[in-house]
Amino acid sequence: MPYPDYLTSPMRQELTALGARECRTPADVDDVMKSDGVVMMVVNSVCGCAAGRARPGIAQALEHPNRPDTVATVFAGADIEATDRARAAFTGFAPSSPSIALLRDGKLLYMIERRDIEVRSAEAIADLLTMAFDKHCIPAPAAQ
């Protein structure tokens, strides 16, 4: 049985307030994966490491000048089918929540798993993300 909305709503709002697009169905995930550029897909969670580390780290990282073109989120334990669809793109990684993936054209570029999150501070997670943003989210040079 999925987590009720009254429980997950405040945790969802932490990411949607940052501009993340909520994906509650597999069709929502499919639509986001078609977005141009780099997509950051966050698998949100009710756990303490999501609250104290992942979401605050994401908020800090999104202040960086280089950032994904699209930020999206699914909620593990609530958006079950959407989460399964998103995780299908995380090739080579076991399901974990929270987790953060960078993708382009539906292909995985970079992954932070729960095991990476639960041992780091929010600041260290922001550092990991900004390094990944600098590698994968740099705008193309202007045509001359």
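Here is a short report on the structure shown in this document.

Definitions and cut-offs
Residues numbered from 1 in each chain as written. Predicted model: local features only at pLDDT ≥ 70, side-chain atom pairs only at ≥ 80, totals over all residues. Heavy atoms only, no water. Core = buried A, V, L, I, M, F, W, Y, C linked by side-chain atoms within 4.5 Å. Buried < 20%, exposed > 50% of the residue type's maximum accessible area, 1.4 Å probe, protein only. Helix = DSSP H or I, 4+ residues; strand = E, 2+ residues; numbered from the N terminus. Contact = heavy atoms within 4.5 Å. Salt bridge = Lys/Arg side-chain N within 4 Å of Asp/Glu carboxyl O. Arc of directions from axis to C-beta. Expected span 1.5 Å × (residues − 1).

**Points about the nonpolar core**
Counting residues in hydrophobic clusters, the biggest one holds 24 residues, and the most contacted among them are Met-40, Ile-58, Ile-100, Ile-117, Leu-129 and Phe-133. Among the elements of the structure, β2 (38-44), α3 (48-61), β4 (99-104) and α6 (122-136) are those that each provide at least two residues to this core. A per-element tally of this core places α6 first, with 6 residues. Excluding anything up to four places from it in sequence, Met-40 contacts Ile-58, Leu-62, Pro-68, Thr-70, Val-71, Ala-72, Ile-100, Ala-101, Leu-102, Leu-129 and Phe-133. Among the nonpolar cores identified, the runner-up in size contains 17 residues, and Met-41, Val-43, Ala-72 and Leu-103 belong to it.

**Concerning the pattern of salt bridges**
Following the criterion strictly, the structure yields 9 salt bridges and no others. Notably, a salt bridge pairs Arg-21 with Asp-31, separated by 2.6 Å at the nearest N-O pair. Linking Arg-21 in strand β1 (residues 21-22) with Asp-31 in helix α2 (residues 26-33), this pair joins segments that are 10 residues apart in sequence. In this structure, Arg-115 and Glu-113 form a salt bridge, with 3.1 Å as the shortest nitrogen-oxygen distance.

**Digging into the side chain of His-136**
Of note, His-136 is situated in helix α6. A relative accessible area of 15% places His-136 in the buried class.

**Looking at helix α4 (residues 80-88)**
One full turn of an α-helix is made of 3.6 residues, so residues set three or four places apart face in the same direction. Residues of α4 that are buried include every one of Ala-82, Thr-83 and Ala-86, and no others. Down the axis of α4, the smallest arc covering the buried residues is 100 degrees, so these residues share one side. Looking at α4, the residues exposed on the side facing more than 90 degrees away from the buried face are Glu-81 and Ala-88. Here the buried face of α4 lies against α2, β2 and β3 (70-75).

**Some thoughts on α6**
The terminal C-alpha atoms of α6, which comprises 15 residues, lie 21 Å apart, in line with the 21 Å expected from a rise of 1.5 Å per residue. All of the buried residues along α6 are Ala-122, Ile-125, Ala-126, Leu-128, Leu-129, Thr-130, Ala-132, Phe-133 and His-136. On its buried face, α6 sits against β2, α3, β4, β5 (107-112) and α5 (114-117).

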